[in-house]
Amino acid sequence: MNFLCVDTSGEFTLVAASVEGVNSVSRYREGQFHVESLAPLTKEVLSDSGLGLDDLSFIAVVCGPGGFSGLRVGVTFVSVLAQAAALSVVELSRLELAVYGELGEWDYILIIEDGKRQEVFYGLFSGPKDQRTLLEEGHMAPEELTGYLLSKYPQLSNLGQRVLVRGGGLVKYRNRWKSYPTWNENVDLTPPGDASSHLRLAMEKFLRNEVVDPLHVSVSYLREADARPNFRRFDSPIDGGRVET
């Protein structure tokens with residue numbers, strides 16, 4: 001089985017291909033150059049892996065949370081490519097990927113990623129490593145998150161509960177993050193450009209038939225965009241209707 005995976009959820013562009021579930025080829029570029037990077041990197045990955053669109057079984061894409069522009073570029077690119085090649089799409093979550101690589105035995109795992117605007121994106125997962133369930137996801141100021149979670153999930157404060165906190169937001173907002181004494185923290189991050197978790201999780205979801213039509217890929221922004229509509233209304237002298245500009 002061959003497939004492609006795209007991630008533009010952060011300040012990077014990652015494209016990877018899995019060849020027969022054994023070999024993989026990936027390309028990575030730092031910075032918010034999603035528009036300039038995505039098509040050339042995809043062409044390079046397909047060429048180096050010896051694959052064409054006709055050889056693919058599906059395409060996977062990280063649908064968020066992340067920056068608005070980056071997510072729109074990645075999801076739109078994959079949707080168009082998959083539609084043109086008559087392929088299904090597997091949706092991946094940035095938070096889901098972060099918890100997927102954690103193999104320890106934890107009752108709860110809290111993923112904290114940099115959400116910009118002085119906030120973090122967070123996801124709280126529970127259950128054993130092979131059956132972890134997302135309890136809640138959202139965005140919040142890092143100094144407010146611990147208090148909020150403890151008030152909503154008081155079991156997180158129990159000494160018998162094994163709680164792990166990890167993610168890039170834990171590193172960036174170290175001086176603002178207020179942890180709980182019994183929680184464990186792991187600041188070891190996945191190396192930039194490592195697509196192994198992307199490819200493994202995408203394969204598992206495809207085999208479980210967790211696929212969507214390319215026209216129905218959902219994007220997880222978790223909050224509103226920075227930009228707001230900027231228009232004024234006036235009576236059109238031509239047709240008497242209301243016009244937005």
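Residues numbered from 1 in each chain as written. Predicted model: local features only at pLDDT ≥ 70, side-chain atom pairs only at ≥ 80, totals over all residues. Heavy atoms only, no water.

A. Local environment of the overall build of the protein. Counting its secondary structure elements, the protein contains six helices and 12 strands. Principal-axis analysis of the C-alpha atoms places the extent of the protein at approximately 65 × 55 × 30 Å. Within the protein, contacts between residues at least 6 apart in sequence are counted, and of these 61% link residues at least 24 apart. Carbon and sulfur atoms make up 51% of the accessible area of the protein, which totals about 12,500 Å². Separation between the mean location of the 24 positive side-chain charges and that of the 33 negative ones in the protein comes to 5 Å. (Helix = DSSP H or I, 4+ residues; strand = E, 2+ residues; numbered from the N terminus. Contact = heavy atoms within 4.5 Å. Areas by Shrake-Rupley, 256 points an atom, 1.4 Å probe, with all protein chains shown as cover. Lys, Arg positive; Asp, Glu negative; His and termini not counted. Charge placed at Lys NZ, Arg CZ, Asp CG, Glu CD.)

B. Fine view of the nonpolar core. Counting 22 residues, the largest nonpolar core has L4, V15, I59 and V61 as the members making the most contacts within it. Among the secondary structure elements, those contributing two or more residues to this core are strand 1 (3–7), strand 2 (12–19), helix 1 (34–49), strand 4 (58–62) and helix 2 (68–84). Ignoring anything within four residues of it in the chain, the contact list for V15 reads L4, C5, V6, V25, S26, R27, L38, L41, T42 and V45. (Core = buried A, V, L, I, M, F, W, Y, C linked by side-chain atoms within 4.5 Å. Buried < 20%, exposed > 50% of the residue type's maximum accessible area, 1.4 Å probe, protein only.)

C. Local environment of the pairing of strand 3 (residues 23–30). Here eight bridges tie strand 2 to strand 3, and the two strands are oriented antiparallel to one another. Counted as the bridge partner of F12 is E30 from strand 3. Between strand 2 and strand 3, which pair antiparallel and follow one another directly, the connecting turn spans three residues, one of which, E20, has a positive phi of 55 degrees. (Pairing = 2+ DSSP bridges.)

D. Representation of the sheet that holds strand 3 in the model. Read from one edge of the open sheet, five strands run 3-2-1-4-5, paired in mixed fashion. The sheet terminates laterally at strand 3 and strand 5 (88–92), the two strands that pair on one side only. Mean inter-strand twist for the sheet, computed between neighbouring axes without regard to direction, equals 15 degrees. Bridge count for strand 1 against strand 2 is five bridges, and the pairing is antiparallel. Bridged to V6 within strand 2 is V15. Across the face of the sheet, helix 2 comes into contact with strand 1, strand 4 and strand 5 while running at roughly 170 degrees to strand 4. (Axes fitted to C-alpha atoms, helices over the stretch in contact; angles between N-to-C directions.)

E. Spotlight on the packing of aromatic side chains. For the structure shown, the criterion picks out seven aromatic pairs. Taking the centre distance of 4.5 Å and the plane angle of 15 degrees together, the rings of F3 and F58 count as stacked. Of the two residues, F3 sits in strand 1 while F58 sits in strand 4, which places them 55 residues apart along the sequence. For F58, a relative accessible area of 0% gives the class buried. Taking the centre distance of 5.8 Å and the plane angle of 50 degrees together, the rings of Y180 and W183 count as tilted. When its relative accessible area of 7% is taken as the criterion, W183 is described as buried. (Phe/Tyr/Trp six-rings, centres within 6.5 Å; stacked < 30°, edge-to-face > 60°.)

F. Quick peek at a nonpolar patch on the surface. Taken together, the side chains of V171, V187 and L189 present a nonpolar region at the surface, about 230 Å² in accessible area. Locating V187 in the fold gives a position in the loop between strand 10 (184–186) and helix 6 (196–207). (Patch = residues over 30% accessible without salt bridge, like charges linked within 9 Å, V, L, I, M, F, W, Y side chains within 5 Å. Salt bridge = Lys/Arg side-chain N within 4 Å of Asp/Glu carboxyl O.)

G. Structural detail: the packing of helix 1 against helix 2. Running from N to C, helix 1 and helix 2 point in directions that differ by 35 degrees, and their axes come no closer than 10 Å. Here the hand of the crossing between helix 1 and helix 2 comes out right-handed. For the pair helix 1 and helix 2, contact is made by H34, V35, L38, A39 and T42 and by G70, V73, G74, F77 and L81, respectively. (Left-handed = near helix turned anticlockwise from the far one by under 90°.)

H. Region of interest: the environment of L4. The residue L4 is located in strand 1 in this model. The buried category is assigned to L4, whose relative accessible area is 0%. In this structure, the C-alpha to C-alpha distance between L4 and H198, residues 194 residues apart in sequence, is 10.0 Å. Excluding anything up to four places from it in sequence, L4 contacts V15, A16, A17, T42, V45, L46, L56, F58, I59, A60 and L81.

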